[in-house]
Amino acid sequence: MRRRAHPLARSALGLAAPVVLSACLATAPTLPSAPTDPARARLAEAERAYDARQDARALELFLPLARDGNATAQQRVARIYSRNQGVPVNEIESCNWWEAAANQGEGVAMTNIGLCLETGKGRPQDYAAAAGWYRKAADKGQAVAMYNLGLAYEYGRGVPQSFDSAAQWFQRALDSGRLSTGNTLDARRHLERAQRHVKAAAGDPRAMYEVARFTASGDGGERRDDKRGLELMKRAAEVPGAVPEALFAHGTAIFYGRHRDTSDLRPGRPLTPEQLRRMEADQREGAEWVRRAAAAGHEEAAVLVATWTACGTGLRKDPAVAERLLVDSAERGNVRAMQELADFLSSGRCGMRKDAAAASNWQARATAAQQAGRGPAAPR
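Structural notes, computed from the coordinates. The model shown is predicted, which means the values in this text are computed figures rather than measured ones.

1. Some details on the state of the cysteines
Then, in step 1: Tallied over the full model, the rule gives two disulfides.
Then, in step 2: Here Cys95 engages in a disulfide with Cys116; their sulfurs sit 2.1 Å apart. Across the S-S bond of Cys95 and Cys116 the torsion is about -95 degrees, and the bridge reads as left-handed. Of the two residues, Cys95 sits in helix α4 (residues 91-102) while Cys116 sits in helix α5 (residues 107-119), which places them 21 residues apart along the sequence.
Then, in step 3: You can call Cys116 buried: its relative accessible area is 8%.
Then, in step 4: Disulfide partner of Cys311: Cys350, at an S-S distance of 1.8 Å.

Structure below.
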């Protein structure tokens, strides 16, 4: 089998393309055993021309056999009309012969007529019919058809979208051990995405967070959709047992107003009373979510809670409490907390006490930690 990319492919996962099979067979077909059988001799000569990529001659020899119903010849003709080796590409004829062989129960041909129907090349596009052929081929053990059927379920092409069914077909394709190396890697990525969606639909907090994060970023095989990503992150944050990363992402989105339409804001213009009220309300709500993330062990959240507490942004202003929170985080090894302490104690920003010696000590600790390979806590 040989994998062929097609124009619908947009990324390693997103809107992934089905895979096409060649009609190459490992062994010569079985024909009547009589050594003088003209059909046998013609097929052998056609095979030699085909292997030598002398397709004009091979086509001349294969066509009579194909018209007489020889399934091997039909698949060879279909392939000749698609590979452009001395015979012009003719997608319609190629699909006609794939269909003829498929109607005789040939699994490779079933897969490829499915591809004709899915892509609309050589046949009017018909996702449902394509999925039907993939299923027939899959039932005959064709691994690529299993993979293509998994894609159909994953993206809802010709069948109702079902990540559970997609995962089952991807797993069957992988378990067969008959996918190419490239297809195996693709199938594993698609399987991971399908399983993630299955777990998220069942309420798994980590999976819900990952689906939301990938939807917002366009990674993990998801189509990027900022609005949808925010909605999914809200659900991930509200689910019982929500992971700290979801609480943090949802909280910061609210705090910075990313969930709102900000087209009425103009750079350089003061906020109207209504805009100011809305911003302060968002900061209060967002800070509470970030506080929950910090309580659950999210270090980036812990630093934000401390700095917002120091300046009274979204939280009650209390520089002494803020300093204590930063010290706690810094003692846990958070380099960013060390840097914030150094800045606050050096400048006295937001009313925090000034202590040049302590500021110098924290900056030295931050520098030493960075040199040791521990950078600032990265956003998750």
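2. Describing the side chain of Arg196
Then, in step 1: Here Arg196 is to be found in helix α9 (residues 181-201).
Then, in step 2: Lacking a salt bridge, the buried Arg196 has Glu222 as its closest oppositely charged neighbour, with an N-O distance of 4.4 Å.
Then, in step 3: At a separation of 3.0 Å, a polar atom in the side chain of Arg196 contacts the main-chain carbonyl oxygen of Gly220.
Then, in step 4: Beyond its immediate sequence surroundings of up to four residues, Arg196 is in contact with Ala207, Glu210, Val211, Phe214, Gly220 and Glu222.

3. What about the pattern of salt bridges?
Then, in step 1: As enumerated under the stated definition, the model contains 23 salt bridges in all.
Then, in step 2: For Glu300, the salt bridge identified is with Arg336, shortest N-O distance 2.5 Å. Pair noted here: Glu300 is in helix α14 (residues 299-311) and Arg336 is in helix α16 (residues 335-347), with a separation of 36 residues, a long-range link.
Then, in step 3: You can call Arg336 partly exposed: its relative accessible area is 23%.
Then, in step 4: One salt bridge connects Glu323 with Arg353, and the closest N-O pair in it is separated by 2.8 Å. With Glu323 in helix α15 (residues 319-331) and Arg353 in the loop between α16 and α17 (356-371), the pair connects residues that are 30 residues apart, well separated along the chain.
Then, in step 5: Exposure remark for Glu323: the relative accessible area of 15% places this residue in the buried category.
Then, in step 6: Taking the relative accessible area as the measure of exposure, Arg353 reaches 42% and is therefore partly exposed.

4. Concerning the packing of helix α11 (residues 226-238) against helix α12 (residues 244-255)
Then, in step 1: As a packed pair, α11 and α12 sit with axes 8 Å apart at the nearest point and diverge in direction by 130 degrees. When the axis of α11 is compared with that of α12, the two are oblique. Every pair of crossing elements has a handedness; the one defined by α11 and α12 is left-handed. Note on element contacts: α12 touches α11 through Ala246, Leu247, Ala249, His250 and Ala253, opposite Leu230, Met233, Lys234, Ala236 and Ala237.
Then, in step 2: Of the residues contributing to the contact of α11 with α12, the split by class is eight nonpolar, one polar and one charged.

Reading the values: rules and limits
Residues numbered from 1 in each chain as written. Predicted model: local features only at pLDDT ≥ 70, side-chain atom pairs only at ≥ 80, totals over all residues. Heavy atoms only, no water. Disulfide = S-S within 2.5 Å. Helix = DSSP H or I, 4+ residues; strand = E, 2+ residues; numbered from the N terminus. Buried < 20%, exposed > 50% of the residue type's maximum accessible area, 1.4 Å probe, protein only. Lys, Arg positive; Asp, Glu negative; His and termini not counted. Salt bridge = Lys/Arg side-chain N within 4 Å of Asp/Glu carboxyl O. Polar contact = N/O pair within 3.5 Å; in protein donor to acceptor, adjacent residues only side chain to side chain. Contact = heavy atoms within 4.5 Å. Axes fitted to C-alpha atoms, helices over the stretch in contact; angles between N-to-C directions. Parallel < 35°, antiparallel > 145°, perpendicular 65-115°, else oblique. Left-handed = near helix turned anticlockwise from the far one by under 90°. Nonpolar A, V, L, I, M, F, W, Y, C, P; charged D, E, K, R; others polar.

These figures capture arrangement, not role.
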